Amino acid sequence: MRDLLAVLAPQVVLVGDGGGIRQAALRPIVTADKVARFIVGGLGKTDGVLTGDLTVVNGSPALLVRLNGEIDGVMAIRVEATGITGLYYVRNPEKLTRLGAETPLTLR
């Protein structure tokens, strides 16, 4: 947990979105200590194998989270000079439908 606290800004905010379908944080979680405890506590309750792949979502860094090989969610990460200032974890399956498909990028 100490490593996680080292990269979180003191007033970091974590917001979850389960869409009422999947479990997620019901209210924003504020401060590095509370966010770290929420993440570490959630990892301890996971039944299966969690993996993460770095990706980009809406031009920002993100982590594509898989549970037993299936997409569980995506965590968008806002990084500023003070460290990670915002985490937005989307678990709502309706918002994750496009993550399984790769969109080719071309220059015009």
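Just so we're clear, the structure is a prediction, and the values are computed from it rather than from any experiment.

**A word on the nonpolar core**
Piece 1. Grouped together as the largest cluster of nonpolar side chains are 14 residues, with contacts concentrated most on Leu8, Val12, Leu14, Val35, Met75, Ile84 and Leu87.
Piece 2. Mapped onto this core, the elements with two or more residues apiece are β1 (8–17), α2 (32–44), β5 (70–80) and β6 (83–90).

**Remarks on the side chain of Asp17**
Piece 1. Mapped onto the elements, Asp17 comes out in strand β1.
Piece 2. For Asp17, a relative accessible area of 12% corresponds to the buried category.
Piece 3. For Asp17, the contacting residues outside a window of four places in its chain are Ala24, Tyr88, Tyr89, Val90, Arg91, Asn92 and Lys95.

**Considering the sheet that holds strand β4 (residues 60–67)**
Strands belonging to one sheet form pairs held by backbone hydrogen bonds; the direction of such a pair is parallel or antiparallel.
Piece 1. The strand order β2-β1-β6-β5-β4-β3 describes an open sheet built from six strands, whose pairing is mixed. The open sheet has two edge strands, β2 (29–30) and β3 (50–57), and neither has a second partner.
Piece 2. Bridging between β5 and β6 involves seven bridges; their strand directions are antiparallel. Residue pairing across strands places Ala76 opposite Tyr88, the latter belonging to β6.
Piece 3. Contacts between α2 and the sheet are confined to β1, β2, β3 and β6, with β1 contributing the most and set at about 50° to the helix.

**Brief notes about the layout of surface pockets**
Piece 1. There is about 870 Å³ of room inside the largest pocket.
Piece 2. Along the wall of the largest pocket there are 30 residues; nearest its centre are Ile39, Gly42, Leu43, Thr46 and Tyr89.
Piece 3. Sorting the residues of the lining of the largest pocket by element identifies α1 (2–7), β1, α2, β3, β4, β5 and β6 as the ones contributing at least two each.
Piece 4. It is α2 that contributes the most residues to the lining of the largest pocket, five residues altogether.
Piece 5. Classifying every residue of the lining of the largest pocket gives 19 nonpolar, seven polar and four charged.

Parameters at a glance
Residues numbered from 1 in each chain as written. Predicted model: local features only at pLDDT ≥ 70, side-chain atom pairs only at ≥ 80, totals over all residues. Heavy atoms only, no water. Core = buried A, V, L, I, M, F, W, Y, C linked by side-chain atoms within 4.5 Å. Buried < 20%, exposed > 50% of the residue type's maximum accessible area, 1.4 Å probe, protein only. Helix = DSSP H or I, 4+ residues; strand = E, 2+ residues; numbered from the N terminus. Contact = heavy atoms within 4.5 Å. Pairing = 2+ DSSP bridges. Axes fitted to C-alpha atoms, helices over the stretch in contact; angles between N-to-C directions. 1 Å grid on protein atoms, 1.4 Å probe; cavity = no way out; pocket = protein on both sides within 12 Å on 5 of 7 lines; lining within 4 Å. Points joined across faces, edges and corners; volume = space filled by probe spheres on them. Nonpolar A, V, L, I, M, F, W, Y, C, P; charged D, E, K, R; others polar.

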